[in-house]
Amino acid sequence: MKTYLPSILLVTLIAAPTLVFAQVKADNATTVMTKSFKERGQAKLDRLNQDKAMAACTEYATKPMPSKVAAAITAENLAAIPFPKDGNYLGDWKAGERIAQSGVGKQFSDNPANPSGGNCYACHQLSPQELSYGTIGASLYQFGKNRAYSPEIAKYAYGKIYNSQAYLACSNMPRFGHNQILTEAQIKDLVALLMNPESPVNK
Amino acid sequence: MKPANVAAASLNRQAQLIASVMFLIIGFALSTASHAQTTKVAAAVAKAKQDAAPPKSIDPTLREIEKYREALADGNPADLWEARGEDLWKQKRGPNKVSLEQCDLGLGEGVVKGVYASLPKYFADTDKVEDLETRLVTCMVLLQGFTYEQAKKAPFGSADNRSTMEALVAYVTANSRGTKMRVALNHPKEKEAFEIGKKMFFHRGGSHDFSCATCHAQDNIRIRLQELPNLTKQAPAQRAYTSWPAYRVSQGELRTFQWRLFDCFRQQRFPELDFTSQGSVALTMYLARNANDGVLTAPSIKR
Amino acid sequence: MSDPMRIRAQIMGGAVDVRVLMAHEMETGQRKDAAGKTVPAWFIQNVSATHNGKIILSAQWGPAVSKNPFLSFRFTGGKVGEKVIVTWVDNKGDKRTDEVAIA
């Protein structure tokens, strides 16, 4: 053991700065990242900014998030949802289906004058006729039917689409209302797609 | 041949017979060896393609899509870019009227074979970590005399506007087919690039709160009908990384890894990833390193 | 000046297996560019292949054939070293001929 000690010390002395070096340098990742993008079309460099929720979700991306941090995210985001003043959450489900199918909006290749879509089928199953659906999110087939078309669920659906962080900290789902991707009317159309008994989602 | 004939003539008949048989055996062995080498590469590529197919237990929808991919596999138009790239590599271009044949892509000046498997790596002449496209830009500037602006111009081609870069990338990567990925993290800047790339991978932002991880850090998910490899895990990372660059049928063009990152960020609602920027190379470093030991099948063909 | 075709011709299972990759935009004439203007039709209309002076394949193509078309066909009677010559002509009158020796 005694004969190995000098070697161990030597190896540690050499290795330590390398490890520390890597950590220190990784903190300038934000600087490097910002320098590596340029604005184009409607996508300005502020797209790289993070609010409190996204900064926390990035920090805890590869390790468990403390429940206190998660609770703070959901509370803050729930408080920020402006639910419709008239208490009506259902719009036109046919318009909702078109919004769910459309993937345009907010890309630097998109015309900012045109309305955005929700791109719901990218991640979710909805109408059974649409076979081309993603599995990043849960299937929403028979969403309303399975919940007895409850008005409380309609409000929840509105809130979830408006700001998913309000219900699940670090959800992968975009905050369609909070980040001004969709309008109140568009979100109501999507709620109708989910909650109207006549919608193909519930057939 | 002459010394052998003289030797055979001076021996008795039995020795002549033995000598002839020996030459036959050696000749056969040599030709078998070189044939074996080519067969070895082909076998490695075939195995890699088989490994690249999603496991049979996965989603029946994906299995059907695999059949479509198999049908597409022959007659990959990437060959056309590879042919054009070989011409561009050998052509005297730029103010210095020099070819790229002295370019050092990481395994020595002019060495093209197998280079893609060890990129990105640190290069002393620029004191930077460079991926293939960055290195080609460097050579265009340092050898051929182009400006950085000229070398980086219009890297992603279209029908009316052909890309020199895409053709060169096709040529170079075709010469690495069958090679195993072996990205090293020796130099401090290589380690730094990996760490920065990893941070970028998990950075959530943009109007949609997306990071690379939103789509690429889970098993067995797909967006619409496109399966999404979990790039934080070795096996899916190997399958994904080793298939780029690729002829993208929907684009009608051969697309490189820099393009793949650029187009991901566009769809993530981020601003434009600057071509061969330090961040783009760092992210490539993170993903390429995760793919180590994967066998390169690029340039491949994709939807 | 169009890009060369990539042609392979190999003896396989008693016949010659020919595979041709052609470089051509194959515009249908129905696409619109970013400005909204129709991109004019530009596609290969005729393909022919000959061997020993004999036509072994003759094809008439239309806009349904996709960009950078891949053609594969087989014929009998070819021997190693003999040439297979492939020609295409497009709707603008451009043509291209390339050849390969049977391997």
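Structure first, text after, so check above.
None of the values given here were measured: they were computed from a predicted structure. (Residues numbered from 1 in each chain as written. Chains lettered and ligands numbered in written order. Predicted model: local features only at pLDDT ≥ 70, side-chain atom pairs only at ≥ 80, totals over all residues.)

## A look at the overall build of chain A
When helices and strands are counted, chain A shows seven helices and one strand. For chain A, the succession of helices and strands along the chain, N to C, is α-α-β-α-α-α-α-α. Burial statistics for chain A: of 203 residues in total, 38% are counted as buried. Excluding contacts between residues fewer than 6 apart, the proportion of contacts in chain A whose partners are at least 24 apart in sequence is 59%. (Helix = DSSP H or I, 4+ residues; strand = E, 2+ residues; numbered from the N terminus. Buried ≥ 20, exposed ≤ 12 C-beta atoms within 10 Å, placed from the backbone. Contact = placed C-beta atoms within 7 Å.)

## Here we look at the interface of chain C and chain B
Counting from both sides, the interface comprises 11 residues of chain C and, opposite them, nine residues of chain B. Looking at the side of chain C that touches chain B, the elements with two or more residues in it are β2 (15–21) and β5 (70–75) of chain C. Split into classes, the residues belonging to the side of chain C that touches chain B amount to four nonpolar, two polar and five charged. (Nonpolar A, V, L, I, M, F, W, Y, C, P; charged D, E, K, R; others polar.)

## Side note on the sheet that holds strand β7 (residues 95–101) of chain C
Sheets are built from strands paired through backbone hydrogen bonds, the pairs being either parallel or antiparallel. Residue and element names in this part refer to chain C. Within the open sheet, the four strands sit side by side as β4-β3-β6-β7. Their pairing is antiparallel. Two strands close off the open sheet at either side, each with one partner strand: β4 (54–60) and β7. On average, each strand axis in the sheet is inclined to that of its neighbour by 15°, with strand direction left out of account. Note: strand β3 (residues 44–51) against strand β6 (residues 83–90), seven bridges, orientation antiparallel. (Pairing = 2+ DSSP bridges. Axes fitted to C-alpha atoms, helices over the stretch in contact; angles between N-to-C directions.)

## Quick look at the interface of chain B and chain A
Tallying the contact residues gives 36 residues for chain B and 43 residues for chain A. Mapped by element, the contributors of at least two residues to the side of chain B that touches chain A are α8 (188–202), α9 (212–216), β3 (221–223), α11 (257–267), β7 (272–273) and α12 (278–290) of chain B. Tallied by class, residues from the side of chain B that touches chain A come to 13 nonpolar, 11 polar and 12 charged. Bridge analysis of strand β1 (residues 37–38) of chain A against β7(B) gives two bridges, and the strand direction is antiparallel. The residue of β7(B) that forms the bridge with A:Phe37 is B:Leu273.

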